[in-house]
Amino acid sequence: MVKILVVDDEASIVTLLQFNIEKAGFDVVTAEDGRTGYELALSEKPDLIVLDLMLPEMDGIEVTKKLRQDKVGVPILMLTAKDEELDKIIGLELGADDYMTKPFSPREVVARIKAILRRTEGKAEVTEEKTEDTEATILIGDLKILPDSYEVYLQDDLLDLTPKEFELLLFLANHRGKVFSRDQLLDTVWNYDYVGETRIVDVHVSHLRDKIELDTKQPKYIKTIRGFGYKMENVK
């Protein structure tokens, strides 16, 4: 059975989420502070974590940061009572897969969980069913992208990308020369329609450029198409 870890310091929210998530057919493990949640993430090996941003002992940002530093790639759905763009972006930049702002509908939480799991399970199926036609290594200029190992090299240097940065780069690399709007990238890479949240794409592109471009003011890999979106150049 798929296991979901719920970490929130409000007992009523934990109870509500546990009831609805179990009702949807998932196994649920809970924690009411960040440190316990972090330890359970390591010991219980959940398939997904529902993680509150504001937690005692260790907040959600720190939990996410430590898990990603430990190379724990479990998907994270972050909950926040703060309706501030900066908090959302920080969480997503550190490696959270999605976020929801309180108050929320338990039904929507379950829907988001299922959407994230479908996306992550889809990646596993693609890896397992890889054929000889699969492009194992993508070479673009001095960039070398290894989809199976989630690694990107600039010349011979391994880059430290967050999961979302990697997924965005991989998507653009697989569609070199094609222009995508911010809404298209949100829908495809994040697998969810973030209405009015296109700033998230801009932030991720900016961070990617800091890591892959020699001159961020004149990028050669990811080009901005003014008034529309972005495209990856087919650099030789």
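As the structure is a computational prediction, the values presented were derived from the model and not from experiment. (Residues numbered from 1 in each chain as written. Predicted model: local features only at pLDDT ≥ 70, side-chain atom pairs only at ≥ 80, totals over all residues. Heavy atoms only, no water.)

> How do you make sense of the sheet that holds strand β1 (residues 3-7) when you look at a structure like this?
One open sheet holds the five strands; their spatial order is β2-β1-β3-β4-β5, and the pairing between them is parallel. The open sheet terminates on both sides in strands that have one partner only, identified here as β2 (27-31) and β5 (98-101). Averaged over all pairs of adjacent strands, the angle between strand axes in this sheet comes to 20°, irrespective of strand direction. Sheet topology note: the β1/strand β3 (residues 48-52) ladder contains four bridges and is parallel. When the sheet's bridge partners are listed, Leu5 is paired in β3 with Ile49. Against the sheet, helix α2 (residues 34-44) engages β1, β2 and β3, with an angle of about 145° to β2. (Pairing = 2+ DSSP bridges. Helix = DSSP H or I, 4+ residues; strand = E, 2+ residues; numbered from the N terminus. Axes fitted to C-alpha atoms, helices over the stretch in contact; angles between N-to-C directions. Contact = heavy atoms within 4.5 Å.)

> I would appreciate a short explanation of the packing of aromatic side chains in the present structure.
One pair of aromatic rings is described through two measures. These are the centre distance and the angle between the planes. Within this structure, the stated rule accounts for one aromatic pair. It is Lys144 that lies over the ring of Tyr153; its NZ or CZ is 5.3 Å from the centre. (Phe/Tyr/Trp six-rings, centres within 6.5 Å; stacked < 30°, edge-to-face > 60°. Lys NZ or Arg CZ within 6 Å of the ring centre and 35° of its normal.)

> Which parts of the structure should I look at to understand the pairing of strand β8 (residues 151-154)?
Along any regular strand the residues' side chains alternate between the sheet's two faces. Note: strand β7 (residues 143-146) against β8, four bridges, orientation antiparallel. Bridge pairing in β8 links Lys144 to Tyr153. Counted between consecutive antiparallel strands, the loop separating β7 from β8 contains four residues, among which Tyr150 sits at a positive phi close to 60°. Relative to strand β9 (residues 157-158), β8 runs antiparallel, the two being bridged by two bridges. Considered in β9, the bridge of Leu154 is made with Asp157. Counted along the chain from β8 to the antiparallel partner β9, the turn is two residues long, and its residue Gln155 has a positive phi close to 60°.

> What am I meant to see in the side chain of Thr80 here?
Along the chain, Thr80 falls in strand β4 (residues 76-80). Aside from chain neighbours lying at most four places away, what touches Thr80 is Asp52, Leu53, Met100, Thr101 and Lys102.

> Got a minute to help me understand helix α7 (residues 182-189) in this structure?
Residue pairs three or four apart in sequence face the same way in an α-helix, which turns once every 3.6 residues. Along α7, the residues that are buried comprise Arg182, Leu185, Leu186 and Val189. Viewed along the axis of α7, the buried residues span an arc of 100°, placing them on a single side of the element. (Buried < 20%, exposed > 50% of the residue type's maximum accessible area, 1.4 Å probe, protein only. Arc of directions from axis to C-beta.)

> Where do I start with the packing of helix α6 (residues 163-174) against α7 in this structure?
The axes of two packed helices give the description: the angle between them and the distance between them. Between α6 and α7, the least distance of the axes is 11 Å, while the angle of their chain directions is 115°. It follows that α6 is roughly perpendicular to α7 by the angle criterion. Our pair here, α6 against α7, has a crossing hand that is right-handed. Contact residues: Lys164, Glu167, Leu168, Phe171 and Leu172 in α6; Leu185, Thr188 and Val189 in α7. A per-class count over the contact of α6 with α7 returns five nonpolar, one polar and two charged. (Parallel < 35°, antiparallel > 145°, perpendicular 65-115°, else oblique. Left-handed = near helix turned anticlockwise from the far one by under 90°. Nonpolar A, V, L, I, M, F, W, Y, C, P; charged D, E, K, R; others polar.)

> I'm lost on unusual backbone geometry in this one. Help?
A negative phi holds for most residues other than glycine; trans holds for most peptide bonds. Between Lys102 and Pro103 the backbone carries a cis peptide bond, its omega angle lying at -5°. With a phi close to 65°, Lys71 is a non-glycine residue in the positive phi region. Looking at the element boundaries, Lys71 is found in the loop between α3 (60-69) and β4. Residue class for Lys71 comes out exposed when judged on its relative accessible area of 72%. Positive phi, normally seen in glycine, also occurs at Gln155, with a value near 60°. Along the polypeptide, Gln155 turns up in the loop between β8 and β9.

> Is there a simple way to think about the sheet that holds strand β11 (residues 222-225) in this case?
Hydrogen bonds between backbone groups are what pair the strands of a sheet, and the pairing can be parallel or antiparallel. Judged by pairing direction, the sheet is antiparallel, and its three strands sit side by side in the order β10-β12-β11 without closing on themselves. Lying at the two open borders of the sheet, with one neighbouring strand each, are β10 (180-181) and β11. Here α6 sits on the sheet in contact with β10, β11 and β12 (229-232), set at roughly 70° to β12.

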